[in-house]
There are 2 protein chains.
Amino acid sequence: MTSALFDFGPLLAAGLPPPAAKWTGLAKFSFIGGNNDPEQVPVDGLIAALTAALQREGKTLATYGLAGGPQGYRPLREFLAAKLGRDAGIAATADDILIVSGSLQALDLVNHTLLQRGDTVIVEQETYQGALTRLGRLGVSTVGIPLDRDGMRMDALASTLAELRGGGVRPKYIYTIPTVQNPTGTIMPEARRAELLRLSQEHGVPIFEDDCYADLVWDGQRPPAIHAMAVNGGVIHIGSFSKSIAPALRVGFIVAPWEMLSRMLALKTDAGSGALEQMALAEYCAPHFATHVPKLTRGLRVKLDVLMEALNAQFGTTAEFEAPKGGIFLWVKLPDNVDTLKLCQAALAAGVAINPGPEWSTNKVDAASRLRLCFANPSSEQIREGVAVLADVCRREFGVPVRIANVERAARA
Amino acid sequence: MTSALFDFGPLLAAGLPPPAAKWTGLAKFSFIGGNNDPEQVPVDGLIAALTAALQREGKTLATYGLAGGPQGYRPLREFLAAKLGRDAGIAATADDILIVSGSLQALDLVNHTLLQRGDTVIVEQETYQGALTRLGRLGVSTVGIPLDRDGMRMDALASTLAELRGGGVRPKYIYTIPTVQNPTGTIMPEARRAELLRLSQEHGVPIFEDDCYADLVWDGQRPPAIHAMAVNGGVIHIGSFSKSIAPALRVGFIVAPWEMLSRMLALKTDAGSGALEQMALAEYCAPHFATHVPKLTRGLRVKLDVLMEALNAQFGTTAEFEAPKGGIFLWVKLPDNVDTLKLCQAALAAGVAINPGPEWSTNKVDAASRLRLCFANPSSEQIREGVAVLADVCRREFGVPVRIANVERAARA
């Protein structure tokens, strides 16, 4: 190189997020991200499914969209229509479904269809970090509604909607994760869903229902989807195969009225989502989904128990949590003096990755001493070791947990 | 349903594109889109590759990014680094490459990193429709540079850059498809690439090199990539597996300085591109790419000949074109009185899909009587039949081609 390096700096668009750091590998003990249990990926089933689908129709890979149009591989949409009817009570046909590249693309498509800078949306006070980040980048105001053990509180939602209306603000949507809420793990009962729909209709604010974790309920029982209960079509429903099969596949879906699907399709200028994933899922899931998922959730339930036992052993009463009704994460409260943003950095230096509470909440003060721990990916052994390291770091940084009897016992185990 | 349907209309963001129409299937004779030859998809090779890769490391599907970080599956990036070095002269390592969901995501990431409303970019006068559409939606001004048989004309580029500089405008990039230009099929010679780089450096305007079709050169010889010739790093290079393997896979890549990659990574909030496609490509391509591509291009060359013969037979001298040096499309000039936007509609009604010229050019007047015909997907039989139907429609609508001897001869063949 003889000349000075080209400087892109002056050409960058305004308002870009900070540049990404170079990736340095996964933490030794990783309790972050929606990663799943590697032992539960149905590898042999996926190989058999791909082989069968490709032998039958591999030549269609030569055509964008597998010659099935921009809404996605039709057999996958047909599986979903049947599954959503059976599990969630949703009466949808393949034509009502849009396959997307993970539910993150679903978030983007819904957001870009409805939102512009200065808009307001309603979210659950504790909610998915990726949703909050996106809304922040779009310059949208988020109003968080507190949760209780049954999910979003309707008294708080009613007063917030009334207040916003009083100020002349019509929110663009109410974003909810009603079935295994992220990060709290609650499930909104049917009666509260009905009340949510009533408020949605009264205020003319649609519901954006994110059902990404809905397959992972311990007892296999879930209320009908809000989409299923809506008589007026004012619900956009999204879901994913990331939690039920494997996150690296990047396949999600949207169920919405054509009025909205047609707008989102116009924005989905990616020439279709990945064909192999769609073929693999359609071929595998039609015969196997209903037996795969209960097996998966039994394994996850065991890991949750390991995590809760490890927290009790290492943190004693210092760590407060409620067992979630399903899912892959636990929402934990530490003593008020613990700043989980700082804990996160110190823990990472010790090889333990956690999600600090403030990134998963609109209430940064309340969430300051909370954290999210994902338990699906690490082995039981890693969960025990990782929690022990986390407790050590927390003790060193914040003086809690103090060394107590059961901690000593655990250390000898 | 007892209540009125929810009306999303008042909630839609401003400036959305028109809603998508319902998909009604592929045209009987389809000469549009970057579809490939179904007979040339290496189905058995992909099945073997997927089986091997999944047996070895299928459990990593449980982790976003296959435990390889956000830049994409490392073995695929390593294959690309080797391939780009061998074929295009690019000295890149796996760390310089970002795997994306098709080169369309590459366009989006580059655009969102550099562009904002009111900016100016330079493009080739005839260029990829998807690039023009994106720039239009972003509110960016496009200045088209005329092409000749060697691609973008440097005299015209020099005067345009000088003119823009005179007006105080620094374009954000020069977008070029130098190797099998879309839609004209030209290949820019090495000397002109050097001149392009000189102008780029003189004016401080980076080059955005789209090498999507660069594998499909009839004689297998291609000049070094512009990226390979740049000593100052001012080139963003993108490519794709859509044309060399299969478009439905949706795998593309970006080679750029970390200064740019780190910005694009920060905008790539999709939690990774599809894992199965990346695994399949890495495993298949490392041993087979170098033998697959020449076989593919030989088949495409045959189809091009079929198309040119059919055009000569059906349109006679009414259709003017130059044989491209590679690729999957032919850029055709019809008599001035033919409006290909109208022809496109009439042909579609007769079962023939074509790309009208004005959608592939910044010069709508010059392109009004031109069209793009993709020849990879239809069979030779369909090409002949489709061109015959197209000629009939064109004759009916515009009076050309007149019935001439060779048309009669072709009809009897």
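A brief look at the structure comes next.

**With respect to the pattern of salt bridges**
Okay, so step 1: Scanning all chains against the criterion turns up 50 salt bridges over all chains.
Okay, so step 2: Linking A:Glu381 and A:Arg384 is a salt bridge whose minimum nitrogen-to-oxygen distance equals 3.5 Å. On the criterion of helical spacing, the pair formed by A:Glu381 and A:Arg384 is a turn pair, its members being three residues apart in helix α11 (residues 380–398).
Okay, so step 3: When its relative accessible area of 46% is taken as the criterion, A:Glu381 is described as partly exposed.
Okay, so step 4: In this structure, B:Arg56 and B:Glu283 form a salt bridge, with 2.9 Å as the shortest nitrogen-oxygen distance. Of this pair, B:Arg56 sits in helix α1 (residues 43–57) while B:Glu283 sits in helix α9 (residues 275–315), and the two are 227 residues apart along the sequence.
Okay, so step 5: Accessibility expressed as a relative area gives 51% for B:Arg56, which makes it exposed.
Okay, so step 6: Classification of B:Glu283 as partly exposed rests on a relative accessible area of 24%.
Okay, so step 7: One salt-bridge network, held together by shared partners, links A:Lys83, A:Arg86, A:Asp87 and A:Asp215.

**What about the relation of the copies chain B and chain A?**
Okay, so step 1: The two copies are related by a screw operation: chain B maps onto chain A through 180 degrees of rotation and 0.0 Å of translation along the axis, at an RMSD of 0.0 Å. Here the transformation between the copies is reduced to the relation of a two-fold axis.
Okay, so step 2: A high fraction, 100%, of the interface residues of chain B reappear at the interface in chain A, so the copies pair face to face through one surface.

**Let's talk about the packing of aromatic side chains**
Working definition: an aromatic ring pair is given by the centre-to-centre distance plus the angle between the planes.
Okay, so step 1: Counted under the stated rule, the structure contains 18 aromatic pairs over all chains.
Okay, so step 2: Aromatic pair B:Tyr173 and B:Phe208: ring centres 5.2 Å apart, planes at 85 degrees, arrangement edge-to-face. Residue B:Tyr173 is located in the loop between α5 (154–166) and β7 (174–176), and its partner B:Phe208 is located in strand β8 (residues 207–210); the two are separated by 35 residues in the primary sequence. Residues B:Tyr173 and B:Phe208 agree in their burial class; the two are buried.
Okay, so step 3: When the ring of B:Tyr213 is compared with that of B:Phe329, the centres are 5.0 Å apart and the planes differ by 85 degrees; the resulting orientation is edge-to-face. Taken together, the residues B:Tyr213 in the loop between β8 and α7 (226–229) and B:Phe329 in strand β11 (residues 329–333) connect sequence positions 116 residues apart.
Okay, so step 4: Connected via pairs of aromatic rings, a cluster forms that spans A:Phe79, A:Phe241, A:Phe253 and A:Phe289.
Okay, so step 5: For A:Lys22, the ring lying beneath its charged end belongs to B:Trp258, and the centroid distance is 4.9 Å.
Okay, so step 6: The aromatic ring of B:Trp360 is capped on one face by B:Arg372, whose charged end is 3.8 Å from the ring centroid.

**As for α11(A)**
All names here are of chain A.
Okay, so step 1: In this model, α11 (19 residues) spans 26 Å end to end at C-alpha, consistent with the 27 Å of a helix rising 1.5 Å per residue.
Okay, so step 2: Every buried residue of α11 is listed here: Ile383, Gly386, Val387, Leu390, Ala391, Val393, Cys394, Arg395 and Phe398.
Okay, so step 3: With its phi angle positive at about 80 degrees, glycine 399 sits one or two positions after the end of α11.

**What to know about the pairing of strand β2 (residues 97–100) of chain A**
Residues and elements named next belong to chain A.
Okay, so step 1: Residues Ile97 and Ile99 line one face of β2 and the alternating positions Leu98 and Val100 line the opposite face, and both faces are buried.
Okay, so step 2: As judged from the four bridges shared by β2 and strand β10 (residues 252–255), these two strands associate in the antiparallel manner. Bridge pairing in β10 places isoleucine 99 opposite phenylalanine 253.

**Remarks on the sheet that holds strand β14 (residues 370–374) of chain A**
Residues and elements named next belong to chain A.
Okay, so step 1: As summarised here, the arrangement of the three strands in space is β11-β14-β13, forming an open sheet in which the pairing is antiparallel. Taken across any chain shown, the strands that pair with only one partner, and hence form the sheet edges, are β11 (329–333) and β13 (355–356).
Okay, so step 2: Direction of pairing for β11 relative to β14: antiparallel, over a ladder of five bridges. Pairing of leucine 330 across the sheet is with leucine 373, part of β14.

**Some points on the packing of helix α5 (residues 154–166) of chain A against helix α6 (residues 190–203) of chain A**
All names here are of chain A.
Okay, so step 1: With their axes 10 Å apart at the nearest point, α5 and α6 run at an angle of 5 degrees to one another. Judged by the angle between their axes, α5 and α6 are roughly parallel. For the pair α5 and α6, the contacting residues are Met154, Leu157, Ala158, Leu161, Ala162 and Arg165 in the first and Arg192, Glu195, Leu196, Leu199, Glu202 and His203 in the second.
Okay, so step 2: A per-class count over the contact of α5 with α6 returns seven nonpolar, one polar and four charged.

**What to know about the environment of A:Tyr128**
Okay, so step 1: Inspection of the secondary structure puts A:Tyr128 in the loop between β3 (120–124) and α4 (129–137).
Okay, so step 2: Beyond its immediate sequence surroundings of up to four residues, A:Tyr128 is in contact with A:Leu104, A:Leu107, A:Tyr175, A:Ile177, A:Asn182 and A:Trp360.

**Notes on the side chain of A:Ser369**
Okay, so step 1: Turning to its location among the elements, A:Ser369 is positioned in the loop between β13 and β14.
Okay, so step 2: Here A:Ser369 falls in the buried class, since its relative accessible area comes to 4%.

**Notes on the sheet that holds strand β14 (residues 370–374) of chain B**
Okay, so step 1: The strand order across the open sheet formed by three strands is β11-β14-β13 (chain B), and the pairing between neighbours is antiparallel. Two strands bound the open sheet, and with one partner strand each, they are β11 and β13 (355–356) of chain B.

**Re the interface of chain B and chain A**
One frequent convention defines the size of an interface as the accessible area lost when the parts assemble.
Okay, so step 1: With 96 residues of chain B in contact, the opposing surface of chain A contributes 96 residues.
Okay, so step 2: Here chain B packs against chain A, burying approximately 7800 Å² in sum over the two surfaces, 64% of which is carbon and sulfur.
Okay, so step 3: At the boundary of chain B with chain A, the tally comes to two salt bridges.
Okay, so step 4: Between A:Glu39 and B:Lys59 there is a salt bridge, with its nearest N and O atoms 3.0 Å apart.
Okay, so step 5: For the pair chain B and chain A, the number of links is 40 residue pairs in polar contact (both at pLDDT 80 or more).

Parameters and conventions
- Residues numbered from 1 in each chain as written.
- Chains lettered and ligands numbered in written order.
- Predicted model: local features only at pLDDT ≥ 70, side-chain atom pairs only at ≥ 80, totals over all residues.
- Heavy atoms only, no water.
- Salt bridge = Lys/Arg side-chain N within 4 Å of Asp/Glu carboxyl O.
- Helix = DSSP H or I, 4+ residues; strand = E, 2+ residues; numbered from the N terminus.
- Buried < 20%, exposed > 50% of the residue type's maximum accessible area, 1.4 Å probe, protein only.
- Least-squares fit on C-alpha atoms with pLDDT ≥ 70 in both.
- Contact = heavy atoms within 4.5 Å.
- Phe/Tyr/Trp six-rings, centres within 6.5 Å; stacked < 30°, edge-to-face > 60°.
- Lys NZ or Arg CZ within 6 Å of the ring centre and 35° of its normal.
- Expected span 1.5 Å × (residues − 1).
- Pairing = 2+ DSSP bridges.
- Axes fitted to C-alpha atoms, helices over the stretch in contact; angles between N-to-C directions.
- Parallel < 35°, antiparallel > 145°, perpendicular 65-115°, else oblique.
- Nonpolar A, V, L, I, M, F, W, Y, C, P; charged D, E, K, R; others polar.
- Buried area = accessible area lost by both parts, 1.4 Å probe.
- Polar contact = N/O pair within 3.5 Å; in protein donor to acceptor, adjacent residues only side chain to side chain.

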